[in-house]
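The lines below spell out each chain.
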Amino acid sequence: MLNVLRVHLPSDIPIVGCELTPYVLLRRPDNTIITEDVPESAPIDRHFLRYKWYRIQSDKKVAICSVHPSEQATLQCLGCIKAKVPVTKSYHCSPKCFSDAWQYHRTLHDRPASAANDNGNEEEELFGRFNSGSSISSSLPGSASSTNLTNGSTALYPSAVPQRNGSETWFEVGHSKTYTPTADDIGHVLKFECAVVDVETKLPVGHVNTILTSRVIPAPSPIPRHLIPVSGVDVLGHLDSDGRISSSGTFTVLSYNILSDMYATSESYSYCPSWALSWPYRRQNLLREIVGYRADIVCLQEVQSDHFDEFFSPELEKHGYQALYKRKTNEVHTRNPHTIDGCATFFRRERFTHVKKYEVEFNKAAQSLTEAVVPSAQKKTALNRLVKDNVALIVVLEAKFCNQGLDNPGKRQLLCVANTHVNVHHELKDVKLWQVHTLLKGLEKIAASADIPMLVCGDFNSVPGSAPHALLAMGKVDPLHPDLVVDPLGILRPHNKLAHQLPLVSAYSSFARMGVGLALEQHRRRMDPTTNEPLFTNCTRDFIGTLDYIFYTADSLTVESLLELLDEDNLRKDTALPSPEWSSDHIALLAEFRCKPRPRR
């Protein structure tokens with residue numbers, strides 16, 4: 001007979017909006033072990049599996065800590081109630097917890113009530129804008145133990161007649177293997193049942209396997225990041241009904257290394273709770289963040305091939321995006337090809353159409369280089385150093401919107417967008433520089449064939465002031481630059497060849513050219529005054545610095561506004577990235593551009 005050997009949940013804490021899929025190990029009648037589902041439509045030996053999910057509601061209501069979700073709350077911030085902050089964010093498990101979190105927590109009191117949510121409706125908080133829903137008010141008594149944490153949303157699955165068990169009531173909320181907790185589940189324990197059922201009698205046979213989860217928590221959400229105009233005028237008052245900048249002649253570009261799941265290990269990020277590192281949680285948090293920025297063009301790095309096909313492409317399709325993808329080559333890494341990461345570029349169909357796509361494989365460029373300039377005896381050594389599987393995706397788009405002030409109103413407005421992820425190894429300075437130079441020479445060829453604005457986005461794994469950054473920002477590398485000392489293959493010589501003719505400027509350097517004012521000074525403090533780049537775009541326990549950039553051709557584009565940067569006030573005390581609020585170790589960069597009028601030719 002079919003037997004259930006083991007049932008367990010991969011994540012220890014259930015979160016609103018994140019799928020729960022238990023692991024079920026089965027023994028078939030022939031003693032083989034399987035993990036596949038056995039539905040009623042395809043029984044084995046006249047038996048199938050039946051699943052049920054219950055929400056267990058106790059007569060005694062329990063509040064959970066907003067900082068430590070596995071702990072019961074013992075105090076509540078009265079300031080949150082006055083500021084109409086969502087109820088669940090007001091609870092703390094101890095005075096020390098409240099004190100430690102105060103630097104982050106106090107900023108909640110300054111946010112408009114409409115900016116916050118308890119994961120309780122479909123129009124949840126979106127990053128970079130405020131939703132139009134009313135705030136969740138509270139009529140709580142002083143004791144947190146008497147608080148009802150549900151917020152009125154309707155369960156996804158109509159419950160059967162509730163079962164009473166002493167002081168507990170069990171509400172049936174699902175009858176499939178996978179269940180997605182809702183806002184009604186917040187603060188409650190879920191129970192999963194798995195039973196082997198007879199096809200004819202429809203009754204369980206043998207022992208019914210059950211699992212109890214910890215209490216369901218709302219998905220943590222960071223403070224929204226706003227677009228800051230380079231003129232210093234607040235753009236939040238100029239958002240259209242869809243949350244985007246209303247000017248038809250501008251467009252926004254997002255660049256974001258989302259941290260591939262294969263790299264998001266507890267060994268690398270031991271400071272991040274395991275539930276916040278799990279892919280079911282991170283993918284929903286990342287999607288909410290990306291969609292919330294409402295960018296017209298989205299450049300993502302470290303997107304696993306299977307996650308692109310199964311999640312990001314179909315999900316962003318629902319929001320009006322068309323997707324293009326370039327997976328890394330796998331000559332070095334012999335992992336499952338479906339889990340190898342790559343670069344993904346998305347664009348809004350209502351704003352752009354796809355004209356052309358170029359794929360850059362640095363491995364192929366390495367083969368050509370070694371054949372041309374490396375002596376035969378050194379070819380194997382050269383390839384071992386240069387072949388690192390990195391790629392770039394270049395997309396040519398045509399704008400559908402009108403660019404105000406153009407002298408040639410009938411002319412097509414094209415745009416070239418490069419998206420890349422440069423080699424990570426710190427000691428391979430020559431390889432990083434060679435990859436960036438190779439990409440720029442390819443872009444020069446495109447520029448020579450068409451009068452076209454260009455954007456170069458990505459994770460360049462190069463800090464401001466490094467040789468790759470100098471090549472991008474200055475158009476050349478000083479022959480005395482210390483990075484040029486590392487050149488065992490001689491691929492960087494002569495040094496005067498390390499140049500390009502594209503008038504590239506870093507978008508975030510625009511903050512250094514902004515006017516005066518308190519808000520602008522706050523943003524300047526998040527910039528390095530020597531390089532005019534952000535103080536960091538990557539923040540872990542082992543490293544903090546800038547690796548990500550959006551470059552643009554300054555002769556054809558102007559920066560209108562930039563997404564505000566994070567600083568220590570935006571991150572919880574003693575916390576690095578990723579965290580429950582931010583699901584990557586990088587931060588997203590976003591810039592709004594306008595095409596400059598081109599002279600008539």
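The sections below set out a description of the structure shown in this document. Predicted, not measured: the structure shown is a model, and the values here were computed from it.

Cut-offs applied
- Residues numbered from 1 in each chain as written.
- Predicted model: local features only at pLDDT ≥ 70, side-chain atom pairs only at ≥ 80, totals over all residues.
- Heavy atoms only, no water.
- Pairing = 2+ DSSP bridges.
- Helix = DSSP H or I, 4+ residues; strand = E, 2+ residues; numbered from the N terminus.
- Axes fitted to C-alpha atoms, helices over the stretch in contact; angles between N-to-C directions.
- Contact = heavy atoms within 4.5 Å.
- Expected span 1.5 Å × (residues − 1).
- Buried < 20%, exposed > 50% of the residue type's maximum accessible area, 1.4 Å probe, protein only.

1. Notes on the sheet that holds strand 11 (residues 227-229)
(1) Moving on: The seven strands are arranged 11-26-27-12-13-15-14 in an open sheet whose pairing can be described as mixed. Bordering the open sheet on either side are strand 11 and strand 14 (321-327), each of which pairs with just one other strand. With strand direction ignored, the average angle separating the axes of adjacent strands in the sheet is 25 degrees.
(2) Moving on: Against the sheet, helix 5 (residues 279-293) engages strand 12 (250-257), strand 13 (297-304), strand 26 (557-563) and strand 27 (589-595), with an angle of about 160 degrees to strand 12.
(3) Moving on: Lying over the sheet, helix 6 (residues 305-317) contacts strand 13, strand 14 and strand 15 (341-348), oriented at roughly 165 degrees with respect to strand 14.

2. Focus: helix 5
(1) Moving on: Taking 1.5 Å of rise per residue, the 15 residues of helix 5 would be expected to cover 21 Å, and the 21 Å separating its terminal C-alpha atoms lies within 8% of that figure.
(2) Moving on: Of all 15 residues making up helix 5, 13 are buried, and the element is well covered by its neighbours.
(3) Moving on: Arg-294 sits one or two positions beyond helix 5 and adopts a positive phi of about 55 degrees.

3. Things to note about the pairing of strand 4 (residues 47-58)
Along any regular strand the residues' side chains alternate between the sheet's two faces.
(1) Moving on: Burial analysis of strand 4 places nine of its 12 residues in the buried class, the great majority of the element.
(2) Moving on: As paired strands, strand 4 and strand 9 (residues 189-198) are joined by 10 bridges and run antiparallel to one another. Bridged to His-47 within strand 9 is Asp-198.
(3) Moving on: Relative to strand 8 (residues 168-174), strand 4 runs antiparallel, the two sharing six bridges. Bridge pairing in strand 8 places Trp-53 opposite Gly-174.

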